[in-house]
Amino acid sequence: MTSPSASPSPSASRRTVLRGAALAGVAGVGAAACTGGTGAKGPATPTAPVDLGAAGEIPVGGARLYREQKLVVSRPAEGEYKAFSAVCTHAGCVVTKVENGKISCPCHGSTFDAATGKVLQGPAGAPLPAVPVKADGGKLIAGPDA
């Protein structure tokens, strides 16, 4: 007994398949760019105290990026420190550099003031969140209870 011949099911053309693959690749690259390649998921500020090392590593009037901890710490005056989240408020990218008093985000070009966290150039519309920070025994501690 022979089975009746089934009609061929519609199949995607080669062009449709290639177009879909190309769009998926572009979407993946765009998503990676917005995370800054660091997996910026999680809270923008520490949920526990973070030891950042020697307080003296930041010059008076300067700032330093702690990329792994997702923090930027500035030292406006002797004995005074200010810390901010290093997660851009525009798309969640982790900033990549602090230079000449400016914090720069690589994803869409936002810049922030290293002394205040305020937006200097968009598309970010909100300042970087402030994070408590203190010098304790020559070490910088940031996060809750700092």
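Residues numbered from 1 in each chain as written. Predicted model: local features only at pLDDT ≥ 70, side-chain atom pairs only at ≥ 80, totals over all residues. Heavy atoms only, no water.

Peer 1: Whenever I open this one, the environment of K139 confuses me. Can you help?
Peer 2: You can see K139 is positioned in strand β11 (residues 139-142). Separated by 83 residues in the primary sequence, K139 and G56 have C-alpha atoms spaced 8.1 Å apart. With residues up to four places along the chain from it excluded, the contact list for K139 reads D51, G53, A55 and K134. At 3.2 Å, the side chain of K139 and the side chain of D51 are in polar contact. (Helix = DSSP H or I, 4+ residues; strand = E, 2+ residues; numbered from the N terminus. Contact = heavy atoms within 4.5 Å. Polar contact = N/O pair within 3.5 Å; in protein donor to acceptor, adjacent residues only side chain to side chain.)

Peer 1: What am I meant to see in the sheet that holds strand β7 (residues 111-113) here?
Peer 2: Sheets are built from strands paired through backbone hydrogen bonds, the pairs being either parallel or antiparallel. The four strands lie next to each other as β5-β6-β7-β8, forming an open sheet whose pairing is antiparallel. At either margin of the open sheet sits one strand with a lone partner, and together these are β5 (97-99) and β8 (119-121). Within the sheet, the average angular offset between the axes of one strand and its neighbour, ignoring direction, is 30°. Note: β5 against strand β6 (residues 102-104), three bridges, orientation antiparallel. By the bridge assignment, K97 is partnered in β6 with S104. (Pairing = 2+ DSSP bridges. Axes fitted to C-alpha atoms, helices over the stretch in contact; angles between N-to-C directions.)

Peer 1: Help me understand the sheet that holds strand β10 (residues 133-136) in this model?
Peer 2: Pairing within the open sheet is antiparallel, and its three strands lie in the order β1-β11-β10. The open sheet terminates on both sides in strands that have one partner only, identified here as β1 (50-54) and β10. Strand-to-strand, the axes of this sheet are offset by a mean angle of 25°, without reference to chain direction.

Peer 1: Help me out: how do you make sense of the pairing of strand β4 (residues 80-85) in this one?
Peer 2: In the sheet, strand β3 (residues 71-77) pairs with β4 via five bridges, with the strands oriented antiparallel. Counted as the bridge partner of A77 is E80 from β4. Here β3 folds back onto β4, and the loop between the two strands holds two residues, one of which, G79, carries a positive phi near 80°. Alignment of β4 against strand β9 (residues 130-131), held across two bridges, turns out to be antiparallel. Bridging across to β9, F84 finds its partner in A130.

Peer 1: What exactly am I supposed to notice about the state of the cysteines here?
Peer 2: As enumerated under the stated definition, the model contains one disulfide in all. The side chain of C93 participates in a disulfide bridge whose partner is C107; the two sulfur atoms lie 2.1 Å from each other. Handedness of the C93-C107 disulfide follows from its S-S torsion of about -115°: it is left-handed. Remark: C107 occurs in the loop between β6 and β7 and C93 occurs in the loop between β4 and β5; sequence separation between them is 14 residues. Among the residues examined, C93 registers a relative accessible area of 0% and is labelled buried. (Disulfide = S-S within 2.5 Å. Buried < 20%, exposed > 50% of the residue type's maximum accessible area, 1.4 Å probe, protein only.)

Peer 1: I'm lost on the nonpolar core in this one. Help?
Peer 2: One broad trend across soluble globular proteins is that nonpolar side chains are buried collectively. One finds V72, V95 and I103 to be the most contacted residues of the largest nonpolar core, which totals 17 residues. For V95, the residues in contact, after removing those within four places along its chain, are L65, R67, V72, A86, I103, S104, C105 and P106. One finds L71, A83, V133 and A142 within the second-largest nonpolar core, a separate group that totals 13 residues. (Core = buried A, V, L, I, M, F, W, Y, C linked by side-chain atoms within 4.5 Å.)

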